[in-house]
Each structure stands twice: as C-alpha cells, then as structure tokens.
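# Structural overview
Chain by chain, the residues:
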Amino acid sequence: MSFITWTEQYATSVPEMDEHHQHLFSLLNELHEKVLACQTLEEEQELARVLLAELAEYASYHFVAEERLMQECGFPGREAHCREHNLFRERVAAMTETFATNSVAMSFDTFRLLYDWIAEHVLVRDAEYVPYVGK
C-alpha cells in the first residue's frame, strides 16, 4: 500500500507539473517502503540519506521548472511560492544532516511532515498559479 497516493484531486491540468508531482509522490513512497524494510538502524540511516538526497535533488529540479512556469505566466504570487520551495529545501537538508550525524531512525513525524508538505503544497499552493497558465 502506498504511503501517499496520487489521485486526480492533485492534478493541476499542467501536464509537466503533474508528471513532476507524480514522481515526487513516487519518491516519497519509495522512501517509506524501503525504510520500513530496513533491518538495522545503520541500514536505515544510509538509505534515508541516499533517498532524501534523491528527493531533494528531484524537488529542486521540479522547483526550477515550476518557478520558470510561474515567471512565464506572470503569476503574482511567485516570490512567496519560491520562499516555500526554499523552506522545503532547507527542511530536507536538515533531515538529511540529522541522519548523517545522529543515531536516529526515521520517525512517523518525519514522514508526516514530508507527506503534509507535498500534499498541501500541490493541492493549495500550486493550484494558485494554474489560472495564470496559458493566459
């Protein structure tokens, strides 16, 4: 069972962004599934570092594309939206650092934070720029 399931409610009607969002969901599901399967704390920490880095890298790729789209369509909330992207980058970097330097396991709260941020951002924040696309 998926940790976060893509449904049409997340669709923005911007195909490139929807593909990116689906991939972010997939990465979060992969992280969740693989961490749950770990047998040792060391294995979990290494996996968390690798997969969080992959999530961060893809999120940055997506953010650049989304920010370009918002610039092109003249979305007036672009700056605030970009600040949210930067905050996500900082949070994931802090999580990655935590697993690199401490003997801690990924908690449900960590997954919940990622889930909540991605779902809320796509459903609410990304929906704000959609009316400006194609104008």
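Note: the structure precedes this text.
As a starting point, this report considers the structure included with it. (Residues numbered from 1 in each chain as written. Predicted model: local features only at pLDDT ≥ 70, side-chain atom pairs only at ≥ 80, totals over all residues. Heavy atoms only, no water.)

## Comments concerning the packing of aromatic side chains
This structure, assessed with the given rule, holds eleven aromatic pairs. Pairing Phe-63 with Trp-117 gives two aromatic rings, centres 6.0 Å apart and planes at 65°, and the pair type is edge-to-face. With Phe-63 in helix 2 (residues 41-73) and Trp-117 in helix 4 (residues 108-129), this residue pair connects regions lying 54 residues apart in the sequence. Residue classification places Phe-63 among the buried residues on the basis of a relative accessible area of 1%. Consider the rings of Phe-75 and Tyr-132, whose centres lie 5.4 Å apart with planes at 65°: the pair is edge-to-face. Of this pair, Phe-75 sits in the loop between helix 2 and helix 3 (78-101) while Tyr-132 sits in the segment after helix 4, placing them 57 residues apart in sequence. With a relative accessible area of 8%, Phe-75 lands in the buried category. On the accessibility criterion, Tyr-132 (29% relative accessible area) is partly exposed. A network of ring pairs unites the aromatic residues Phe-3, Phe-111 and Tyr-115 as a single cluster. (Phe/Tyr/Trp six-rings, centres within 6.5 Å; stacked < 30°, edge-to-face > 60°. Helix = DSSP H or I, 4+ residues; strand = E, 2+ residues; numbered from the N terminus. Buried < 20%, exposed > 50% of the residue type's maximum accessible area, 1.4 Å probe, protein only.)

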